[in-house]
Every structure is written in C-alpha cells, then in structure tokens.
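This is what each chain is made of:
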Amino acid sequence: QVQLVESGGGLVQAGESLRLSCVDSGRTYGHLSMAWFRQAPGKEREFVAHINPSGDRTAYADSVKDRFTISRGNTKNTAYLQMNSLKPEDTAVYSCAVRFGQPSMDAHDFRIWGQGTQVSVSS
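A quick note: this is a predicted structure, and the numbers were derived from the prediction, not measured.

Caption draft 1: Structural view of the side chain of R72. Take R72: it is sitting in strand β7 (residues 68–72). For R72, the side chain forms a polar contact with the main-chain oxygen of L32, separated by 2.5 Å. Only 3.0 Å separates the side chain of R72 from the backbone oxygen of N52, close enough to count as a polar contact. In this structure R72 touches L32, S33, M34, I51, N52, P53, G55, T78, A79 and Y80, once residues within four positions along its chain are discounted.

Set out below in structure tokens:
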C-alpha cells in the first residue's frame with residue numbers, strides 16, 4: 001500500500017522560499033507518477049506540477065512556472081517541490097498524489113493522496 005506524507009509547509013513572507021517533501025511511507029512501487037496540487041480557502045483544487053516515473057519530464061501550472069521546481073529523490077519514492085519567490089496567492093494546502101503510469105494534470109486521475117501541508121505567505 002502506498003502511503004504519502006507531506007512536510008515542509010509553514011508561514012513565510014512574500015519573496016521567501018520553502019521546499020515541500022512528499023514521502024511514500026508504505027510499500028514502494030515502480031512506474032509511479034507524482035504530482036502536487038493545492039487548494040486555497042473557498043477555491044477548487046488546483047494543479048501545481050507533476051513529474052513522470054523516471055523523473056526527467058515535468059510540467060507546471062502557468063501560475064508557478066519559473067518559480068517552482070518539482071523533482072524526485074534518487075530512490076524515486078519521494079517528490080519535492082522547491083518554491084521560490086512565494087506570493088500571497090500561493091497560500092493554500094498543498095497535497096501530493098501518485099498514480100501508476102503517466103502523469104496527469106487532472107486531480108480525478110489520482111486515487112492516492114497525502115493529507116496536505118499548509119503554506120501561508122504574508123505580504
């Protein structure tokens with residue numbers, strides 16, 4: 001069973017950085033795509049970034065491109081989200097998700113989720 005745990009959230013000022021981690025604490029499977037989504041208060045869940053099983057192909061939402069970087073650990077059972085130049089509009093609960101095979105920007109394509117970590121950015 002895949003179990004995901006996010007960490008690294010916190011309260012920062014605009015312009016600062018955070019790095020989120022998503023760790024598979026259960027059984028590790030190969031060929032898993034990983035993704036980050038976020039949900040701000042009163043808003044729908046939003047795609048942030050995803051990465052393929054090999055870790056060599058990524059995609060980003062326009063709102064975070066050139067500021068955020070998704071990557072995988074060497075063991076491929078972790079995913080990181082480096083967030084630079086944070087803005088107040090980045091404030092949200094960030095969740096990681098995994099699926100077998102190719103990645104997706106659609107949250108409905110993912111069946112396994114972590115509990116999320118809060119990111120708050122003040123101006």
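Caption draft 2: Spotlight on the state of the cysteines. All chains considered together, the criterion is met by one disulfide. Put simply, C22 and C96 are joined by a disulfide, and their sulfur atoms are 2.0 Å apart. Between C22 and C96, the S-S dihedral sits near 65 degrees, and the bridge is therefore right-handed. On the criterion of sequence distance, the pair formed by C22 in strand β3 (residues 18–24) and C96 in strand β9 (residues 92–100) is long-range, its members being 74 residues apart.

Caption draft 3: Local environment of the side chain of D90. As for its placement among the helices and strands, D90 is situated in the loop between β8 (78–83) and β9. A distance of 2.9 Å separates a polar atom in the side chain of D90 from a polar atom in the side chain of R38. If we ignore the near neighbours within four places in the chain, the residues touching D90 are R38, R67, F68, S85, V119 and V121.

Caption draft 4: Fine view of the packing of aromatic side chains. For the structure shown, the criterion picks out four aromatic pairs. Aromatic side chains F37 and F110 sit 5.5 Å apart centroid to centroid with 75 degrees between the ring planes, which places their arrangement in the edge-to-face category. Taken together, the positions of F37 in strand β4 (residues 32–39) and F110 in the loop between β9 and β10 (112–113) put the pair 73 residues apart, joining distant regions of the chain. A relative accessible area of 2% means that F37 is categorised as buried.

Caption draft 5: Structural view of the sheet that holds β3. Spatially, the four strands line up as an open sheet ordered β1-β3-β8-β7, and their pairing is antiparallel. Every other strand in the sheet has two partners, leaving β1 (4–7) and β7 as the edge strands with one partner each. For this sheet the average axis-to-axis angle between neighbouring strands, irrespective of direction, equals 15 degrees. Of the pairings in the sheet, the one linking β3 to β8 comprises six bridges and is antiparallel in character.

Caption draft 6: Main features of the environment of S104. Residue placement: S104 occurs in the loop between β9 and β10. For S104, a relative accessible area of 11% corresponds to the buried category. Along the backbone, S104 and F47 are 57 residues apart, and their C-alpha atoms lie at a distance of 9.2 Å. For S104, the contacting residues outside a window of four places in its chain are F37, F47, H50, R99, D109 and F110.

Conventions adopted
- Here the residue index of a chain counts from 1 through its sequence in written order.
- Local features in this predicted model are restricted to residues whose pLDDT is 70 or higher, and side-chain atom pairs enter the listing and the counts only when it is 80 or higher, whereas totals over whole chains, interfaces and linings include all residues.
- Water and hydrogen atoms were dropped before computing side-chain values, which therefore reflect all heavy atoms in the structure.
- In DSSP terms, a helix is any run of H or I states spanning at least four residues, a strand is any run of E spanning at least two, and both are numbered starting from the N terminus.
- N or O atoms within 3.5 Å of each other form a polar contact, as long as, within protein, one can give a hydrogen and the other can take it, and as long as residues adjacent in sequence are counted only when both atoms are side-chain atoms.
- We call two residues in contact when some of their heavy atoms are within 4.5 Å.
- Whenever a pair of cysteine sulfur atoms sits within 2.5 Å, that pair is classed as a disulfide.
- A pair of aromatic rings is counted whenever rings of Phe, Tyr or Trp (Trp by its six-membered ring) have centres within 6.5 Å, and the orientation is called stacked for planes under 30 degrees apart, edge-to-face for over 60 and tilted otherwise.
- Partly exposed residues are those whose accessible area sits between 20% and 50% of the maximum for their type, while under 20% is buried and over 50% is exposed, using a 1.4 Å probe and protein chains only.
- By this definition, two strands are paired if DSSP reports at least two bridges between them.
- Think of each axis as a best-fit line through the C-alpha atoms, taken over the contacting stretch in the case of a helix, with angles from 0 to 180 degrees between the N-to-C directions.

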